[in-house]
Amino acid sequence: MAKTRTDTKTDAAGLAALISRAQADRNAGKDGLPPVEQWNPPYCGDIDMEIRADGTWFYMGTPIGRPALVRLFSTVLRRDEDGKTYLVTPVEKIGIRVVDAPFLAVEMTVAEENGHPVLTFRTNVGDVVRAGPENPLRFVTTGETEQLKPYLLVRGRLEALVNRAVTYDLLALGEEAEIDGENMFVIRSGGEIFPVMDMAKLEAKL
């Protein structure tokens with residue numbers, strides 16, 4: 001069984017070392033991001049770090065107030081097939097907690113290419129992502145009120161939850177389309193069609 005980091009001094013020392021290694025490797029991959037998908041380090045336990053649903057990062061129960069540090073950590077995030085999210089360096093893999101999605105989409109711009117809409121999103125940690133075949137949107141409903149929550153694939157298996165204000169703007173771009181014989185409310189971007197929900201269900205909500 002892997003050792004879980006619970007000692008405060010160990011956590012602090014491990015965090016400082018992780019920062020140092022991440023800084024050294026952060027420009028090693030595409031778009032200045034470390035090639036975390038290529039690394040296969042040993043699992044070294046969990047660290048007391050959590051990403052809350054509103055995108056705020058906490059370390060040992062305290063918000064990380066330095067945006068540059070949050071951005072640095074975000075570049076070495078990886079979500080593995082086990083469904084867990086890790087901070088990954090070439091020499092170690094450390095588990096962290098993610099309440100919802102690791103990123104938050106906080107801004108959207110709408111453009112047109114070859115007569116088709118292209119939606120580009122900015123995340124709270126500075127990623128700029130175009131929704132399309134490689135970065136799809138997906139929509140889920142949760143809770144007793146069936147709250148609609150859009151997610152955008154940012155990289156690897158890591159997604160950004162679209163915040164509420166941007167969700168309103170996103171849904172304003174929706175239209176009706178037939179998919180597999182069903183009338184659906186959809187969003188278009190980058191030549192792709194992303195189903196939101198069945199039109200009959202949408203009309204029932206209105």
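Anything mentioned here points back to the structure above.
Residues numbered from 1 in each chain as written. Predicted model: local features only at pLDDT ≥ 70, side-chain atom pairs only at ≥ 80, totals over all residues. Heavy atoms only, no water.

**Student:** Sorry, what's going on with the pairing of strand β8 (residues 116–123) here?
**Tutor:** As a general feature of sheets, a regular strand has side chains that alternate between the two faces. Two strands pair when backbone bridges link them, and strand β7 (residues 103–113) and β8 are joined in this way by eight bridges, in the antiparallel orientation. Following the sheet pairing, V110 is matched in β8 by L119. Between the antiparallel neighbours β7 and β8 lie two residues, among them N114 with a positive phi of about 55 degrees. Two elements, β8 and strand β9 (residues 128–130), share three bridges in a ladder whose sense is antiparallel. Counterpart to F121 in the pairing with β9 is V129. In textbook terms, the turn of a hairpin is the stretch between consecutive antiparallel strands, and for β8 and β9 this stretch comprises four residues, one of which, G126, has a positive phi near 95 degrees. (Pairing = 2+ DSSP bridges. Helix = DSSP H or I, 4+ residues; strand = E, 2+ residues; numbered from the N terminus.)

**Student:** Would you mind showing me how to read the packing of aromatic side chains here?
**Tutor:** Using the criterion set out here, one finds two aromatic pairs in the structure. For the pair Y43 and Y86, a centre-to-centre distance of 5.9 Å together with 80 degrees between the ring planes defines the contact as edge-to-face. In this pair, Y43 is assigned in strand β1 (residues 43–51) and Y86 in strand β5 (residues 85–88), connecting sequence segments 43 residues apart. For the ring pair W57 and F73, a centre distance of 6.3 Å and an interplane angle of 15 degrees mean the geometry is stacked. Here W57 is found in strand β2 (residues 57–59), whereas its partner F73 is found in helix α2 (residues 67–74), with 16 residues between them in sequence. For W57, a relative accessible area of 1% corresponds to the buried category. For F73, a relative accessible area of 1% puts it in the buried group. Note that K93 overlies the ring of Y86, its terminal NZ or CZ placed 4.5 Å from the centroid. (Phe/Tyr/Trp six-rings, centres within 6.5 Å; stacked < 30°, edge-to-face > 60°. Buried < 20%, exposed > 50% of the residue type's maximum accessible area, 1.4 Å probe, protein only. Lys NZ or Arg CZ within 6 Å of the ring centre and 35° of its normal.)

**Student:** How should I be thinking about the nonpolar core in this particular structure?
**Tutor:** What tends to happen in soluble globular proteins is that the nonpolar side chains get buried as a cluster. Residues M49, F121 and L137 are the most contacted members of the largest nonpolar core, which totals 44 residues. Per-element tally for this core: the top contributor is α2, with four residues. (Core = buried A, V, L, I, M, F, W, Y, C linked by side-chain atoms within 4.5 Å.)

**Student:** How do you make sense of the sheet that holds strand β15 (residues 192–198) when you look at a structure like this?
**Tutor:** Through backbone hydrogen bonds, the strands of a sheet pair up, either in parallel or in antiparallel fashion. Taken in spatial order, the three strands make up an open sheet running β13-β14-β15, and their pairing is antiparallel. Every other strand in the sheet has two partners, leaving β13 (175–179) and β15 as the edge strands with one partner each. Here the average twist between neighbouring strands, direction ignored, is 55 degrees. Relative to β15, strand β14 (residues 182–189) runs antiparallel, the two being bridged by six bridges. Across the sheet, F185 pairs through a bridge with M197, a residue of β15. (Axes fitted to C-alpha atoms, helices over the stretch in contact; angles between N-to-C directions.)

**Student:** I keep staring at the sheet that holds strand β3 (residues 62–63) and nothing clicks. Help me out?
**Tutor:** As summarised here, the arrangement of the six strands in space is β3-β2-β1-β6-β5-β4, forming an open sheet in which the pairing is mixed. Pairing within the sheet leaves two strands with one partner each, and these edge strands are β3 and β4 (77–79). Alignment of β2 against β3, held across two bridges, turns out to be antiparallel. Within β3, the position partnered with Y59 by the bridge is T62. Docked against the sheet, α2 engages β1, β2, β4 and β5, running at close to 95 degrees with respect to β2. (Contact = heavy atoms within 4.5 Å.)

Geometric values such as these leave the question of function open.
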